[in-house]
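Reading the structure
Single-letter residue listing:
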Amino acid sequence: MDNKKVNENIIEGRNAVLEAFRSGKPVDKLYVLDGCQDGPVRTIVREARKHDTIIQFVEKERLAQLSETGRHQGVIAYAAAYEYSEVSDMLELARERGEDPFIILLDNIEDPHNLGAIIRTANLAGAHGVIIPKRRAVGLTATVAKTSAGAINYTPVAKVTNLTKTMKELKEEGGILARSKRYRDNNREIIKRFKKMGFKTYIDEVHQGPIITTFLFPEDCNFTFEEMYDYIKERGYAIYPGKVTEAATFRIGNIGEIYKEDVEKLCGIMSEFLEAR
């Protein structure tokens, strides 16, 4: 009898992996059988790309090495033990405390014990968060959480695609505070314009954060979410279905290189869509 303990952060099998993505579970990396063109596998790859997950196409021998159950069905996902935050969450935390942002940026930290120790130190030093790159770095594994001695529950950790670019953007924009202001201004404009078009926010203004805005999908309308999604996507923008509510909702993200003109274009596209119904 095999008494090997199964790693809860490794997800194997098509249904389990697809459900992990659709439920919003943070997935650091996806391994896919190279050359597999099955419909379910293509769907999983699409979901992974939507979530900006690192995808590696590998031979079946590699999947066999990674598999702990022997029933991977061509896909294995490595999920994070904890939810990642956004850089904006750290900015908001600093604002709430009335402090200048204190953020630690790391690169090439591949040992989970080292990352856990740094998160613990960051918490003791009063840092508002830690930023790590998506590649060349360990994610939020169970070992990281354990080594942090609980600090991971109080210190936000964000993952970015390009660490150098993130630092450059912050510097060019006038620093972290300037970016935080842009996020808040964009968020207010999105809410104002969408309310004029008849949409209602899911979260009240007091509790609404600046990064993701959730709107209630209209009950009495002559279009579906899919029609609205496709219309917007065909014009170079994107909205997303609500995932964390039982109510019918959709979300608009406001993170990264999104500026006032982008908000105006998105609102214009949405207005055109409604007028055409």
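Residues numbered from 1 in each chain as written. Predicted model: local features only at pLDDT ≥ 70, side-chain atom pairs only at ≥ 80, totals over all residues. Heavy atoms only, no water.

1. Considerations on the confidence of the model for the chain
For the chain, per-residue confidence averages 86 on the pLDDT scale, and 92% of positions sit at 70 or higher. Here residues 1-6 is modelled with pLDDT under 50, and outside its nearest four sequence neighbours on either side it reaches 3 contacts, counting other chains as well. (pLDDT = per-residue confidence, 0-100. Contact = heavy atoms within 4.5 Å.)

2. A short note on the pairing of strand β11 (residues 249-253)
Counting buried residues in β11 gives 4 out of 5 residues, a clear majority hidden from the surface. Looking at chain direction, strand β9 (residues 212-216) and β11 are connected through 5 bridges and run antiparallel. The partner of I212 across the bridge, within β11, is G253. Judged from the 2 bridges that link them, strand β10 (residues 240-241) and β11 form a sheet pairing that is antiparallel. Considered in β11, the bridge of Y240 is made with R251. (Buried < 20%, exposed > 50% of the residue type's maximum accessible area, 1.4 Å probe, protein only. Helix = DSSP H or I, 4+ residues; strand = E, 2+ residues; numbered from the N terminus. Pairing = 2+ DSSP bridges.)

3. Remarks on helix α1 (residues 14-22)
Taken as a whole, α1 has its buried residues at V17, L18, A20 and F21. In a view along the axis of α1, the buried residues occupy a sector of 155 degrees, so they form one face of it. (Arc of directions from axis to C-beta.)

4. Notes on the packing of aromatic side chains
Enumeration according to the criterion identifies 10 aromatic pairs in this entry. Each ring, one from F194 and one from F250, has its centre 6.5 Å from the other, and the planes form 50 degrees; the classification is tilted. In this pair, F194 sits in helix α8 (residues 176-196) while F250 sits in strand β11, placing the two residues 56 residues apart along the sequence. On the basis of relative accessible area, F250 is assigned to the buried category, the value being 0%. When the centroid spacing of 5.6 Å and the interplanar angle of 25 degrees are considered together, the rings of F215 and F250 count as stacked. Here F250 lies in strand β11 and F215 lies in strand β9, a separation of 35 residues in the sequence. (Phe/Tyr/Trp six-rings, centres within 6.5 Å; stacked < 30°, edge-to-face > 60°.)

5. Describing unusual backbone geometry
With the exception of glycine, the majority of residues adopt a negative phi angle, and the majority of peptide bonds are in the trans configuration. A positive phi angle, near 60 degrees, is found at D52, a position not held by glycine. Here D52 shows up in the loop between α2 (39-50) and β3 (54-58). Of note in this structure, Q73 is not a glycine but carries a positive phi near 55 degrees. Here Q73 shows up in the loop between α3 (60-66) and β4 (75-79).

6. Considering the sheet that holds strand β8 (residues 200-201)
The 4 strands lie next to each other as β8-β9-β11-β10, forming an open sheet whose pairing is antiparallel. One side of each edge strand has no neighbouring strand; the edge strands of this open sheet are β8 and β10.

7. Observations regarding the packing of helix α9 (residues 225-233) against helix α10 (residues 260-276)
Two elements in contact, α9 and α10, have axes whose closest approach is 10 Å; the angle formed by their N-to-C orientations is 130 degrees. In terms of their interaxial angle, α9 and α10 are classed as oblique. Our pair here, α9 against α10, has a crossing hand that is right-handed. Residues E227, M228, Y231 and I232 of α9 form the contact with α10, whose participating residues are L266, I269, M270, E272 and F273. Residue classes in the contact of α9 with α10 are distributed as 7 nonpolar, no polar and 2 charged. (Axes fitted to C-alpha atoms, helices over the stretch in contact; angles between N-to-C directions. Parallel < 35°, antiparallel > 145°, perpendicular 65-115°, else oblique. Left-handed = near helix turned anticlockwise from the far one by under 90°. Nonpolar A, V, L, I, M, F, W, Y, C, P; charged D, E, K, R; others polar.)

8. With respect to a nonpolar patch on the surface
Among the surface-exposed residues, Y202, I203 and L216 lie close enough to one another that they form a single nonpolar patch of about 230 Å² accessible area. Turning to its location among the elements, I203 is positioned in the loop between β8 and β9. Under the relative-accessibility criterion, I203 is labelled partly exposed at 31%. (Patch = residues over 30% accessible without salt bridge, like charges linked within 9 Å, V, L, I, M, F, W, Y side chains within 5 Å. Areas by Shrake-Rupley, 256 points an atom, 1.4 Å probe, with all protein chains shown as cover. Salt bridge = Lys/Arg side-chain N within 4 Å of Asp/Glu carboxyl O.)

9. A few points about the sheet that holds strand β1 (residues 10-12)
Within the open sheet, the 4 strands sit side by side as β1-β4-β2-β3. Their pairing is mixed. A strand with exactly one partner marks an edge of an open sheet, and here the two such strands are β1 and β3. Within the sheet, the average angular offset between the axes of one strand and its neighbour, ignoring direction, is 20 degrees. In this sheet, β4 lies alongside β1 in antiparallel orientation, the contact comprising 3 bridges. Within β4, the residue paired with E12 across the bridge is I76. Here α1 sits on the sheet in contact with β1, β2 (27-33) and β4, set at roughly 125 degrees to β1.

10. Some words on the pattern of salt bridges
Within this structure, the stated rule accounts for 10 salt bridges. For the salt bridge of K134 with D52, the shortest nitrogen-to-oxygen distance reads 2.5 Å. Here K134 is found in the loop between β6 (129-133) and α6 (142-147), whereas its partner D52 is found in the loop between α2 and β3, with 82 residues between them in sequence. K181 is paired through a salt bridge with D185; the nearest N and O atoms lie 2.7 Å apart. Of the two residues, K181 and D185 both sit in helix α8, 4 residues apart, roughly one turn of that helix.

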